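# Structural overview for review
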Amino acid sequence: MADQDARSSEGRRPTGIPVLRWEEPPEGPVLVLLDQTRLPAEEVELVCTDAAALVEAIRSLAVRGAPLLGVAGAYGVALAAVRGFEVEEAAAALAGARPTAVNLAVGVRRAQAAHREALARTGDPGQAAAAALSAARALHREDAEASARMAGHGLALLDELLPAGGHRVLTHCNTGSLVSGGEGTAFAVALAAHRSGRLRRLWVDETRPLLQGARLTAYEAARNDMAYTLLTDNAAGSLFAAGEVDAVLIGADRIAADGSVANKVGSYPLAVLARYHHVPFIVVAPVTTVDPDTTDGASIEVEQRPGYEVTEVTAPQVPVAGAGGGIPVAPLGTQAYNPAFDVTPPELVTAIVTEEGVVSPVTNEALAVLCARSRQVTIS
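Below: a short report on this structure. If you're wondering where the values come from, they're calculated on a predicted model, not measured in any experiment.

About the criteria used
Residues numbered from 1 in each chain as written. Predicted model: local features only at pLDDT ≥ 70, side-chain atom pairs only at ≥ 80, totals over all residues. Heavy atoms only, no water. Helix = DSSP H or I, 4+ residues; strand = E, 2+ residues; numbered from the N terminus. Contact = heavy atoms within 4.5 Å. Buried < 20%, exposed > 50% of the residue type's maximum accessible area, 1.4 Å probe, protein only. Pairing = 2+ DSSP bridges. Right-handed = clockwise from strand over helix to strand, strands pointing away.

## With respect to the side chain of Asn103
Relative to the helices and strands, Asn103 resides in helix α4 (residues 102–122). Filtering out sequence-adjacent residues up to four positions away, Asn103 remains in contact with Ala66, Pro67, Gly70, Asp253, Pro286, Thr288 and Thr289.

See below:
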């Protein structure tokens, strides 16, 4: 891609993972992303100089995770404005890059609104661009603060549900600092339990077909010296049957008004297993992931990913032969069903943890009250 460069960070092991940052080199502002498709083999950064490069990074999952997509989308609008590109066009392309993750559109709209307001008020494109960048930076800070509050609420809930301590937590996909301006959503709760000496074991679902659990969650758990064990997704049932899971913690890409939760495909089967085995199933997500305009789970648009993600496997630094850039594991021409997400109905969700508090039981009314309270806090 002409406007997206790779920059190696070999040998640099920062205390915090540099997942996303704004830089202003002499040649012009850029958005720098940690390329998550290259983890855990190597830490490589992508340098995006325009919104089109960022859209491609979002679609390829170089940058991913609901909260971080919102932050990235806001910075993408600012990048278009600062570099003099058509802001409305860039905003539309960014908002549509991944349809299920509602935070992406929320972040884009926030920076877009700041740009429009400043432009209408001053008529100065420079001031409008500065306003968009300020909005993106504010969202970035707020996401870090929300992450810390979610971790606190989530740990308190775990202690309430599991007073004996020694939590054995199963998680799916990746929900740590790689998806957030802070330490994440569900993973941040597990990390808080670890730091307080209350995490006995983190069970990490491999999360097929793109292995976000194996590649990313295990990477983050190892960096934080957590006691963790990796398992294939289809081994979760035997783990529940053996009584080895005390709670399930997952994130969310969209929560409908009725409490239906869209998350990485494979989450719904875990909810069914958890209900059968009487294990709490807890969703951790910022309030911005709640979409009051989506009435129920059936109304959530589920992104369909390319079939080659299933018919091929990819690994960094491994020679490739497949049409999608991976190693073929199915006969040529095999059709694949590859939804990126599935939807868990609210009756299978024990609680939804947000920065504004915990919703349990999960109902339309309780979520509406939470969202209203969040808007009041933001306004004040």
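## Focus on the pairing of strand β5 (residues 167–171)
Burial of β5 is extensive: 5 of the 5 residues sit out of reach of the surface. Residues of β5 alternate between two faces, with His167, Val169 and Thr171 on one and Arg168 and Leu170 on the opposite face, all of them buried. Note: β5 against strand β6 (residues 199–205), 5 bridges, orientation parallel. Of the residues in β6, the one forming a bridge with Leu170 is Trp203. Regarding topology, helix α6 (residues 186–195) serves as the crossover connection from β5 to the parallel β6, and that connection is right-handed. Pairing geometry for β5 and strand β8 (residues 247–250), over 3 bridges, is parallel. In the sheet register, Val169 faces β8, and the bridge partner there is Ala247.

## Thoughts on unusual backbone geometry
Note the cis peptide between Leu39 and Pro40, where omega equals 5°. Among the structural elements, Pro40 can be located in the loop between β3 (30–34) and β4 (44–48). For Thr207, which is not glycine, the phi dihedral falls at a positive 70°. As for its placement among the helices and strands, Thr207 is situated in the loop between β6 and α7 (212–223). For Thr207, a relative accessible area of 0% gives the class buried. Despite not being glycine, Asp225 shows a phi value in the positive range, around 55°. As for its placement among the helices and strands, Asp225 is situated in the loop between α7 and β7 (228–231). Assessed through its relative accessible area of 65%, Asp225 is described here as exposed.

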